[in-house]
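Inside the fold
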Amino acid sequence: VPSSFTFKQGEAVTFSMTSETEFHTFNLDDLGVSQSVEGGEAVRFTITFDTKGNFRFYCIPHEDLGMEGTLRVE
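Residues numbered from 1 in each chain as written. Predicted model: local features only at pLDDT ≥ 70, side-chain atom pairs only at ≥ 80, totals over all residues. Heavy atoms only, no water.

Section: the overall build of the protein chain
The line we're drawing: Each helix is a run of H or I in the DSSP string that is no shorter than four residues. Each strand is a run of E no shorter than two, and both are numbered from the N terminus. Our radius of gyration is a C-alpha quantity, and the globule rule it is checked against amounts to 2.2 Å times the number of residues to the power 0.38. Buried, partly exposed and exposed residues are distinguished by accessible area as a fraction of the type maximum, computed with a 1.4 Å probe on protein chains only: under 20%, between the cut-offs, and over 50%, respectively. Using a 1.4 Å probe, the Shrake-Rupley method yields the accessible areas, and only the shown protein chains count as cover for residues. Neither His nor the chain termini are counted; the positive set is Lys and Arg, and the negative set is Asp and Glu. Where a charge lies is defined by one atom per residue type, namely NZ (Lys), CZ (Arg), CG (Asp) and CD (Glu).
The helix and strand tally for the protein chain stands at zero helices and seven strands. For 74 residues, the compact-globule estimate of 2.2 N^0.38 gives 11 Å, and the protein chain sits close to it at 12 Å. Across the 74 residues of the protein chain, 32% fall into the buried class. When the accessible surface of the protein chain is summed, it comes to about 4800 Å², and 45% of that surface belongs to carbon and sulfur atoms. For the protein chain, the distance from the average site of its 5 positive side-chain charges to the average site of its 12 negative ones is 14 Å.

Some points on the nonpolar core
Stated formally: We call a set of buried Ala, Val, Leu, Ile, Met, Phe, Trp, Tyr and Cys residues a nonpolar core when their side-chain atoms join them within 4.5 Å. By definition, residues are in contact when any of their heavy atoms lie within 4.5 Å.
In terms of nonpolar packing, the biggest core is built from 16 residues, with Phe15, Phe26, Leu28, Phe49 and Leu71 touching the most fellow members. Elements supplying a minimum of two residues to this core: β1 (4-7), β2 (12-19), β3 (24-28), β4 (33-37), β5 (41-48), β6 (53-58) and β7 (68-73). When near neighbours in sequence (up to four residues on either side) are disregarded, Phe49 contacts Phe7, Lys8, Gln9, Gly10, Glu11, Val13, Phe15, Leu28, Leu31, Leu71 and Val73.

Focus on the pairing of β1
Here is the rule: Strand pairing is assigned whenever DSSP detects at least two bridges linking the two strands.
Only one face of β1 is covered, namely the face carrying Phe5 and Phe7; the face carrying Ser4 and Thr6 is uncovered. Where β1 and β7 come together, four bridges link them in parallel fashion. Note on β7: the bridge partner recorded for Thr6 is Arg72.

These figures capture arrangement, not role.
So this is what it looks like as structure tokens:
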């Protein structure tokens with residue numbers, strides 16, 4: 001959550017992923033991003049968005065359950 005984001009080109013954004021009980025991932029293939037979090041943990045990571053466009057992100061084990069979205073870089 002949320003399932004869509006919009007950022008400016010050149011912007012550096014820190015994401016925080018928290019999972020209470022399950023393994024999750026944040027994959028943004030077109031931008032070479034692959035992060036994961038184990039159940040009961042939290043991780044933070046920063047991405048600088050250098051490329052404009054619309055990009056799909058998803059959670060590998062839960063993609064079929066609708067854990068996916070769109071990230072737009074303007």
